[in-house]
There are 2 protein chains.
Amino acid sequence: MNTSDWMDAIRWTEDGLVPVVAQDAVSGRVLMFAWMNRESLAHTVKTGEAVYWSRSRGRLWHKGETSGHVQKVREVRLDCDGDVLLLSIEQVGGIACHTGRQSCFYLRLETAGDAAAPHWVAVDPVLKDPDSIYA
Amino acid sequence: MNTSDWMDAIRWTEDGLVPVVAQDAVSGRVLMFAWMNRESLAHTVKTGEAVYWSRSRGRLWHKGETSGHVQKVREVRLDCDGDVLLLSIEQVGGIACHTGRQSCFYLRLETAGDAAAPHWVAVDPVLKDPDSIYA
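All values derive from a computational prediction rather than experimental measurement. (Residues numbered from 1 in each chain as written. Chains lettered and ligands numbered in written order. Predicted model: local features only at pLDDT ≥ 70, side-chain atom pairs only at ≥ 80, totals over all residues.)

**Q** Teacher, can you tell me more about the overall build of chain A here?
**A** Helices and strands together make up the secondary structure of chain A, namely three helices and eight strands. Judged by the C-alpha coordinates and their principal axes, chain A covers about 60 × 40 × 30 Å. Relative to its full complement of 135 residues, chain A shows a buried share of 34%. Within chain A, contacts between residues at least 6 apart in sequence are counted, and of these 43% link residues at least 24 apart. (Helix = DSSP H or I, 4+ residues; strand = E, 2+ residues; numbered from the N terminus. Buried ≥ 20, exposed ≤ 12 C-beta atoms within 10 Å, placed from the backbone. Contact = placed C-beta atoms within 7 Å.)

**Q** I would appreciate a short explanation of the nonpolar core in the present structure.
**A** For soluble globular proteins, nonpolar side chains are generally found buried alongside one another. The biggest cluster of nonpolar side chains holds 62 residues, and the ones touching the most others in it are A:Val21, B:Val20 and B:Val21. Excluding anything up to four places from it in sequence, A:Val21 contacts A:Val30, A:Phe33, A:Val84, A:Leu86, B:Val21, B:Val30 and B:Phe33. (Core = buried A, V, L, I, M, F, W, Y, C linked by C-beta atoms within 7 Å.)

**Q** Help me out: how do you make sense of the environment of A:Lys63 in this one?
**A** Residues and elements named next belong to chain A. As for its position among the elements, Lys63 is in the loop between strand S4 (59–62) and strand S5 (71–78). Each C-alpha atom, one on Lys63 and one on Ala96, is 8.8 Å from the other, the two residues being 33 residues apart in sequence. Those residues in contact with Lys63, other than ones at most four positions away along the chain, are Ala50, Tyr52, Val70 and Gln71.

**Q** Can you walk me through the relation of the copies chain A and chain B in this structure?
**A** One copy of the chain maps onto the second through a rotation about an axis and a displacement along it. Between the two copies, chain A and chain B, the superposition gives an RMSD of 0.0 Å; the rotation angle is 180 degrees and the shift along the axis is 0.0 Å. Both chain copies can therefore be described as sitting about a two-fold axis. In terms of proximity to the rotation axis, the leading residue of chain A is A:Gly28, whose C-alpha is 2.9 Å off the axis. Taken as a fraction of all interface residues of chain A, those also at the interface in chain B reach 100%, which identifies the copy contact as same-surface. (Least-squares fit on C-alpha atoms with pLDDT ≥ 70 in both.)

**Q** How do you make sense of the interface of chain A and chain B when you look at a structure like this?
**A** A common measure of how large an interface is: the accessible area buried when the components associate. Each partner contributes to the interface: chain A provides 34 residues, whereas chain B provides 34 residues. Among the elements of the structure, strand S1 (18–24), strand S2 (30–36), S5, strand S7 (107–110) and strand S8 (119–122) of chain A are those that each provide at least two residues to the side of chain A that touches chain B. It is S5(A) that provides the largest number of residues to the side of chain A that touches chain B, a total of four residues. Of the residues in the side of chain A that touches chain B, the class split is 22 nonpolar, eight polar and four charged. Both S7(A) and strand S5 (residues 71–78) of chain B contribute to a ladder of two bridges, which runs antiparallel. Within the sheet, the bridge partner assigned to A:Leu107 lies in S5(B) and is B:Leu78. (Nonpolar A, V, L, I, M, F, W, Y, C, P; charged D, E, K, R; others polar. Pairing = 2+ DSSP bridges.)

**Q** Please explain helix H2 (residues 38–47) of chain A as it appears in this structure.
**A** Since one α-helical turn is 3.6 residues long, residues separated by three or four positions face the same way. Residue and element names in this part refer to chain A. Regarding H2, the residues found buried are Ser40, Leu41 and Thr44. One side of H2 holds all its buried residues, which, seen down the axis, span an arc of 100 degrees. With respect to the buried face of H2, the exposed residues turned more than 90 degrees away are Glu39 and Lys46. In this fold, the buried residues of H2 make contact with helix H1 (5–8), S2, strand S3 (51–54), S4 and S5. Phi turns positive, to about 80 degrees, at Gly48, one or two residues after H2. (Arc of directions from axis to C-beta.)

Structure, rendered in structure tokens:
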């Protein structure tokens, strides 16, 4: 198997991307969801730090490049369909979300109570003021 | 807030879908990745069992409808960008993958060894023969 075979095993989207789930290796929390292209995945595997493809900015995104909250990659997994990646990572600083929270998934759907309609509630604490993270 | 507001808070794709990560509420394992449309999410929240949108079959997919391996939803979360859902679920039968494994993410990228190129290795056991699951 040559070096590119493992990349060819991935079913990339028409845009050349693959969805990525990042999970905290310590807490087990799902921290964030992002995308990679071939170049970002190659960087990730080579350097051991998560590098994503920012669709909004149209460029490689070394997670933590501004905040210092880099993600050290312990393990990379691929799913049965070959079209989703799962990273097990150590989250430097303990903060993955740009809001200063551990995880980007901090909005919980509340459905309890007969009278109340379902609604989203922010249930996780802000660990650090975003202004101080990105200052 | 009326009933549809919580759905409108989700940033659906142009195709009217949202990516969904399903995590085992007990083991913390990330079990699978799939998609939902509004109808499938409404069914999920109403019935308490995961209903996805099958892109390949173009129809609602009540997970476990054939295998019996339904997913009882304990919690639904939304991420900071409002464009990804995370389900915390109880996986009936302990098997989420159609290959008979606990998780769909059973392929691990092996990079150890100077000589070996990276390659994917199936590292999780098959718990049940797929032929007997879907017989």
